[in-house]
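# Summary of structural features
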Amino acid sequence: MDILDAIILGIVQGLTEFLPVSSSGHLELGKAILGDESIPQDSLLFTVVLHFATALSTLVVFRADVWNILKGLFRFKWNEETEFSLKIILSMLPAAFIGYFFEEELESLFGENVVLVGFMLIVTALLLYLADRAKETQKQVTFLNAFVIGVSQAIAILPGISRSGATISTSVLLGIDKNKATRFSFLMVVPLILGKMAKDIFSGEIDFQSAQMVSLSAGFLAAFLSGLVACIWMIKLVRQSKLQYFAIYCFLVGLTAIALGLWS
């Protein structure tokens, strides 16, 4: 992979990790339009590096929250930080369960199924539209809320359902304060990303060559910087109730995908 490809893929990963447009759905559409061979096939190592970059950008944006959580946990007593951490763990369970027990079934959905992607993008658009119209509240994330949000994250494994869009929309529709909803949505995915990275690293399938260092570094930097921008931007968009623009985009792309799938 040359440096330009690495930078482009890094930027795409950084932006779509946070913006509610479904990176997996767009990748499937790209495969259908351009053909599998037209899409560069990333190495597992490169994928791990990009995921680490976006996880790191999340930690940087929410560094104060992460630091407070860690300080609270190391007090080794029940407190607000311990409760928040348990809610994060609870939210991870549905996606971890689905990913572990239904891995093969999920992979079968990622085969240029354009019509499915189109319908799921429309579902994403509907969620974003409803969340944007939700009334302002000051509710906290409860344990039941955390599990429901986790279920929405598990459903977002489907191509075309945006993870950030699904989790933030679900949180807001449950009546959770928009700032708290965005914070919880972005922090809840970090342990999953790190867990997936650990699984890939210890799988023994990663092949590192020193010649890859420049491309890996370029991709990492591009994903990290674009992730920072997208994360901060998304926080402002949710707070200002401007998700309808992404709802319109997902709706139009979804209709186009359905038409492409039915008449191709």
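Residues numbered from 1 in each chain as written. Predicted model: local features only at pLDDT ≥ 70, side-chain atom pairs only at ≥ 80, totals over all residues. Heavy atoms only, no water.

## Some words on the overall build of the chain
Within the chain, the regular secondary structure consists of 12 helices and zero strands. Within the chain, the proportion of its 264 residues that are buried is 44%. (Helix = DSSP H or I, 4+ residues; strand = E, 2+ residues; numbered from the N terminus. Buried < 20%, exposed > 50% of the residue type's maximum accessible area, 1.4 Å probe, protein only.)

## Description of the packing of helix α9 (residues 163-173) against helix α10 (residues 178-201)
Two elements in contact, α9 and α10, have axes separated by 9 Å at closest approach and are oriented at 140°. What the angle tells us is that α9 and α10 run oblique. The crossing of α9 and α10 is right-handed. Here Arg163, Ser164, Thr167, Ile168, Ser171 and Val172 of α9 come into contact with α10, specifically with Lys178, Ala181, Thr182, Ser185, Phe186, Met188 and Val189. Here the residues of the contact of α9 with α10 are counted per class, giving six nonpolar, five polar and two charged. (Axes fitted to C-alpha atoms, helices over the stretch in contact; angles between N-to-C directions. Parallel < 35°, antiparallel > 145°, perpendicular 65-115°, else oblique. Left-handed = near helix turned anticlockwise from the far one by under 90°. Contact = heavy atoms within 4.5 Å. Nonpolar A, V, L, I, M, F, W, Y, C, P; charged D, E, K, R; others polar.)

## So, the layout of surface pockets
Here the second largest pocket is characterised by a volume of approximately 290 Å³. Along its surface, the second largest pocket is lined by 13 residues, and Glu80, Phe84, Lys87, Gln140 and Arg183 are the ones closest to its centre. Looking at which element gives the most residues to the lining of the second largest pocket, the answer is helix α5 (residues 80-101), with five residues. Its residues placed into classes, the lining of the second largest pocket shows four nonpolar, two polar and seven charged. (1 Å grid on protein atoms, 1.4 Å probe; cavity = no way out; pocket = protein on both sides within 12 Å on 5 of 7 lines; lining within 4 Å. Points joined across faces, edges and corners; volume = space filled by probe spheres on them.)

## Describing the nonpolar core
Grouped together as the largest cluster of nonpolar side chains are 39 residues, with contacts concentrated most on Leu29, Ile88, Phe184, Phe186 and Met234. Mapped onto this core, the elements with two or more residues apiece are α5, α7 (114-132), α8 (143-155), α9, α10, α11 (213-239) and α12 (244-263). With 10 residues, the next largest nonpolar core counts Ala6, Val49, Leu216 and Leu228 among its residues. (Core = buried A, V, L, I, M, F, W, Y, C linked by side-chain atoms within 4.5 Å.)

## Topic: α7
Taking 1.5 Å per residue as the helical rise, α7 with its 19 residues ought to reach 27 Å, and the 27 Å between its terminal C-alpha atoms agrees with that figure. For α7, the set of buried residues is Val114, Val117, Gly118, Met120, Leu121, Thr124, Ala125, Leu128, Ala131 and Asp132. (Expected span 1.5 Å × (residues − 1).)

## Some details on the confidence of the model for the chain
Do not read the predicted coordinates in detail wherever pLDDT is low. Residues with a pLDDT of 70 or more make up 88% of the chain, whose mean pLDDT is 84. Per-element mean pLDDT across the chain ranges from 68 in helix α2 (residues 23-34) up to 95 in α8. The low-confidence segment residues 37-42 (pLDDT under 50) makes eight contacts with residues lying over four places distant or belonging to another chain. (pLDDT = per-residue confidence, 0-100.)

## So, the pattern of salt bridges
This structure, assessed with the given rule, holds three salt bridges. Here Glu81 ties to Arg75 by a salt bridge, and the two come within 4.0 Å at their closest N and O atoms. A residue is classified by how much of its surface remains accessible, and Arg75, at 48% relative accessible area, is partly exposed. Residues Glu83 and Lys87 are paired through a salt bridge, measuring 2.9 Å at the closest nitrogen-oxygen approach. Of the two residues, Glu83 and Lys87 both sit in helix α5, four residues apart, roughly one turn of that helix. Of the residues examined, Glu83 reaches a relative accessible area of 25% and is grouped as partly exposed. (Salt bridge = Lys/Arg side-chain N within 4 Å of Asp/Glu carboxyl O.)

## Quick word on the side chain of Thr16
Along the polypeptide, Thr16 turns up in helix α1 (residues 3-18). At 2.6 Å, the side chain of Thr16 and the backbone oxygen of Val12 are in polar contact. (Polar contact = N/O pair within 3.5 Å; in protein donor to acceptor, adjacent residues only side chain to side chain.)

## So, the packing of α8 against α10
The N-to-C vectors of α8 and α10 enclose an angle of 65°; their axes lie 12 Å apart at closest approach. Judged by the angle between their axes, α8 and α10 are roughly perpendicular. For the element pair α8 and α10, the recorded crossing hand is right-handed. Contacts between α8 and α10 involve Ala146, Ile149, Gly150 and Gln153 on the former and, on the latter, Phe184, Met188, Val189 and Leu192.

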